[in-house]
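Commentary on secondary and tertiary structure
The lines below spell out each chain.
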Amino acid sequence: MSKKSYAVTIAGGGSTFTPGIALMLLEEHDRFPVDKVVFYDNNAERQETVAKACEIYFREHAPELDFSYTTDPVEAFTGIDFVLAHIRVGLYAMRELDEKIPLKHGVLGQETCGAGGIAYGMRSIGGVIEILDYMEKYSPNAWMLNYSNPAAIVAEACRVLRPHSRIINICDMPIDLMDKMATMCHVKGGRRSLQYSYYGLNHFGWFTKVYDSEGNDLMPEIKRHMAKNGYLDGIEHEEGREQHIDESWIYTFGKAKDVWAVDPETIPNTYLKYYLFPDYVVETSNPNYTRANEVMDGREKRVFGACRDIIAKGTSEGCGFEADAHATYIVDLACALAENTKERFLLIVPNDGAVSNFDETAMVEVPCIVGANGYEKICQGKVPQFQKGMLEQQVSVEKLVVQAWVEGSYQKLWQALTLSATIPSAQVAKEVLDDLIEANKGYWPELK
Ligand code: NAD
Ligand code: LMR
């Protein structure tokens, strides 16, 4: 490994994930030496709480690190090598509406799927493109590793609006599922030693092959676990994992048993539950207390509570800050780009034949080999009729959302909602859309 040290900007400095990512960067210093970290956010107050606490932590644990935080794009994006982006346009208040408005109409409300995901997509596109433009203006050779949601819609918007940009969209769900599969099969080297094939869209895909490092086929064993308990047999309550341990996630990992049963040849992404069992999701949702409430009462309170505590005490000693071990995939990806490691990653990239019987312009999630010059896709061949049908429908939803955003088209957004497998009719789609427009005033482009 070269001796170069890297400068990293975390965009969405006030995110609940920022302390975990920042500490993880410190932990991974030997592999990925970082000598400068900048937090950037457009919400000074929210960022300041997280940044002041991290500043104390860095002073105590990495005094040599050049750390700063800012809301000024010039300061944030000048002289950097990587942008790690995790923004949430509209914060949890808007996520709550994305989830609750559809439920009022008997339709599921979810952060990235169905009507909620479409609403969030319409807010996110502008925010992510703005950050990409800042990076390209002030550090044209930098890479942006984006995991702001809804990744499928954001990735399609980047393909359409900034086709030559140095942005890579990546998701942590398959990473978590690979951790679970490695646990189920007692794979010694863990997730990193797995070789896999996978195809789909973001939050909408299937594993088709999983091998260990010696080439042993793990699919039969994984299928046995899926048939019994879904992903529950792979659950390990790792220290520092903030995201997938809440009650709602435990139900989702269990429900994967039924999702798997629809096509037992493949191993599904958990998010397919929203498209294959939308009626079940509505029946089991509490319209007054959704995932946004669970996160606001859980992770957000914990993270911001710990930050305030550190600031009040002036020390991070015994503060409950922990590195997000799970997020090391971000460092793996940055290393691959910086150090030309040519490792395999599941990325969201233009199809261009990687799935041969599917829209060439779709942003698909497929394995890629990553090195200093970016990524090379690994072809997944043809997908079966069932998946092809689902993919065609969902990719059209995502493309129509981006077209609606670009053109300011009410009609196209209505079509997108109508086409979503989570919404029963054009009439319901229209009613949901009209409420979402009202709630998203100031966030969405004006629709005509
Ligand atoms: P959060 O609300 O705690 O933090 C998001 C931060 O982004 C806030 O501080 C907000 O002020 C800031 N922000 C919003 N718009 C901005 C803009 N235009 N420019 C700069 N900053 C802006 O949210 P969170 O729960 O920590 O999640 C952050 C993001 O990460 C979300 O999009 C979430 O869906 C995503 N996420 C992705 C994955 C993945 O693997 N793809 C996993 C977990 C979370
Ligand atoms: C989160 O807030 O954790 C999300 O981004 C994903 C989830 O858990 O709903």
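Residues numbered from 1 in each chain as written. Chains lettered and ligands numbered in written order. Predicted model: local features only at pLDDT ≥ 70, side-chain atom pairs only at ≥ 80, totals over all residues. Heavy atoms only, no water.

Okay, the site of ligand 1 next. Within the structure, ligand 1 sits among 29 residues, and Ser-15, Asp-41, Tyr-92, Tyr-120 and Asp-172 are positioned closest to it. Within the side chain of Asp-41, an N or O atom sits 2.6 Å from an oxygen atom of ligand 1. In this structure, an oxygen atom belonging to ligand 1 sits 2.7 Å away from a main-chain N or O atom of Asp-172. When ligand 1 is considered free in solution it has 860 Å² of accessible area, and contact with the protein chains removes 97% of it. (Near = heavy atom within 4 Å. Polar contact = N/O pair within 3.5 Å; in protein donor to acceptor, adjacent residues only side chain to side chain. Areas by Shrake-Rupley, 256 points an atom, 1.4 Å probe, with all protein chains shown as cover.)

Core analysis: the biggest nonpolar cluster contains 101 residues, and Phe-32, Leu-145 and Phe-321 have the highest contact counts within it. Take this core: its biggest share by element is 8 residues, from helix H13 (residues 328–339). The residues touching Phe-32, leaving out its near neighbours within four places in the chain, are Tyr-6, Val-8, Leu-25, Phe-82, Val-331, Ala-334 and Cys-335. Tyr-40, Phe-77, Val-89 and Ile-118 belong to the second largest nonpolar core, which has 47 residues in total. (Core = buried A, V, L, I, M, F, W, Y, C linked by side-chain atoms within 4.5 Å. Buried < 20%, exposed > 50% of the residue type's maximum accessible area, 1.4 Å probe, protein only. Helix = DSSP H or I, 4+ residues; strand = E, 2+ residues; numbered from the N terminus. Contact = heavy atoms within 4.5 Å.)

Moving on: the site of ligand 2. Of all residues adjacent to ligand 2, which total 10 residues, the nearest are Arg-95, Glu-111, Trp-249, Arg-291 and Arg-299. At 2.7 Å, a side-chain N or O of Arg-95 approaches an oxygen atom of ligand 2. At a separation of 2.6 Å, an oxygen atom of ligand 2 approaches a polar side-chain atom of Arg-291. The set of elements that each furnish at least two residues to the shell around ligand 2 consists of helix H4 (91–104) and helix H12 (291–313).

With that settled, consider the sheet that holds strand S1 (residues 6–11). Two pairing modes exist for strands in a sheet, parallel and antiparallel, and in both the strands are linked by backbone hydrogen bonds. On the basis of which strands lie adjacent, the open sheet formed by 9 strands has the order S3-S2-S1-S4-S5-S6-S10-S11-S12 and mixed pairing. The sheet terminates laterally at strand S3 (66–70) and strand S12 (374–377), the two strands that pair on one side only. When strand polarity is set aside, the average angle formed by the axes of neighbouring strands in this sheet is 35 degrees. Strand direction decides the pairing type here: S1 and strand S2 (residues 34–40), joined by 6 bridges, are parallel. Along S2, the bridge assignment pairs Ala-11 with Tyr-40. Strand contacts of helix H1 (residues 18–27): S1, S2 and strand S4 (82–85), with the helix running at about 170 degrees to S1, the strand carrying the most contacts. Together, S1, S4, strand S5 (143–146), strand S6 (167–170), strand S10 (343–350), strand S11 (363–371) and S12 form the strand contacts of H13, whose direction differs from that of S10 by roughly 90 degrees. (Pairing = 2+ DSSP bridges. Axes fitted to C-alpha atoms, helices over the stretch in contact; angles between N-to-C directions.)

What follows covers the environment of Ser-425. On the secondary structure map, Ser-425 appears in the loop between helix H15 (410–419) and helix H16 (426–439). A relative accessible area of 27% places Ser-425 in the partly exposed class. Along the chain, Ser-425 and Lys-228 lie 197 residues apart, while their C-alpha atoms are 35 Å from each other. A distance of 3.3 Å separates the side chain of Ser-425 from the backbone nitrogen of Gln-427, its partner in a polar contact.

Moving on, we come to the packing of aromatic side chains. Under the definition given, this model contains 19 aromatic pairs. Centre to centre, the rings of Phe-32 and Phe-82 are 5.6 Å apart; their planes meet at 70 degrees, and the pair counts as edge-to-face. Of this pair, Phe-32 sits in the loop between H1 and S2 while Phe-82 sits in strand S4, and the two are 50 residues apart along the sequence. By relative accessible area, Phe-32 is classed as buried at 2%. Feature note: the residues Tyr-231, Trp-249, Phe-253, Tyr-271 and Tyr-274 constitute an aromatic cluster, connected by ring pairs. Positioned above the aromatic ring of Tyr-280 is the side chain of Lys-255, whose terminal nitrogen or guanidinium carbon lies 3.7 Å from the ring centre. Stacked on the ring of Tyr-196, the Lys or Arg Arg-344 has its end atom at 5.7 Å from the ring centre. (Phe/Tyr/Trp six-rings, centres within 6.5 Å; stacked < 30°, edge-to-face > 60°. Lys NZ or Arg CZ within 6 Å of the ring centre and 35° of its normal.)

A separate point is the UniProt feature "site: Increases basicity of active site Tyr" (unreviewed entry) in the chain. Within the UniProt annotation, "site: Increases basicity of active site Tyr" (unreviewed entry) is assigned to Glu-111. Position of Glu-111 relative to the elements: it lies in the loop between H4 and helix H5 (114–138). Look past the residues within four positions of Glu-111 in its chain and what remains in contact with it is Arg-88, Arg-95, Glu-99, Gly-116, Gly-117, Tyr-120 and Asn-149. (UniProt positions renumbered as here; feature names shortened; annotations may be inferred.)

To continue, consider the pairing of strand S8 (residues 204–211). Relative to S8, strand S7 (residues 195–201) is paired through 7 bridges, and the arrangement is antiparallel. Directly across from Leu-201, in S8, lies its bridge partner Phe-204. Between the end of S7 and the start of S8, which pair antiparallel, lie 2 residues, with His-203 showing a positive phi angle near 55 degrees. Of the pairings in the sheet, the one linking S8 to strand S9 (residues 267–268) comprises 2 bridges and is antiparallel in character. Each bridged residue has a counterpart across the sheet, and for Phe-207 the counterpart in S9 is Ile-267.

To continue, consider the pattern of salt bridges. Scanning the entire structure with this criterion turns up 27 salt bridges. Close ionic contact of Lys-180 with Asp-176 constitutes a salt bridge, the shortest N to O distance being 3.0 Å. Taken together, the positions of Lys-180 and Asp-176, both in helix H7 (residues 173–184) and 4 residues apart, correspond to about one turn of that helix. Under the relative-accessibility criterion, Lys-180 is labelled buried at 3%. We classify Asp-176 as buried; its relative accessible area is 0%. Within the structure, one salt-bridge network assembled from shared partners comprises Glu-28, Arg-31, Asp-179, Arg-191, Arg-192 and Asp-332. (Salt bridge = Lys/Arg side-chain N within 4 Å of Asp/Glu carboxyl O.)

Reading across from one edge, S7-S8-S9 is the order of the 3 strands in this open sheet, with antiparallel pairing throughout. Strands with a single pairing partner mark the edges of an open sheet, and in this sheet they are S7 and S9. Most of the contacts of helix H14 (residues 385–407) go to S7, to which it runs at about 55 degrees, and overall it touches S7 and S8.

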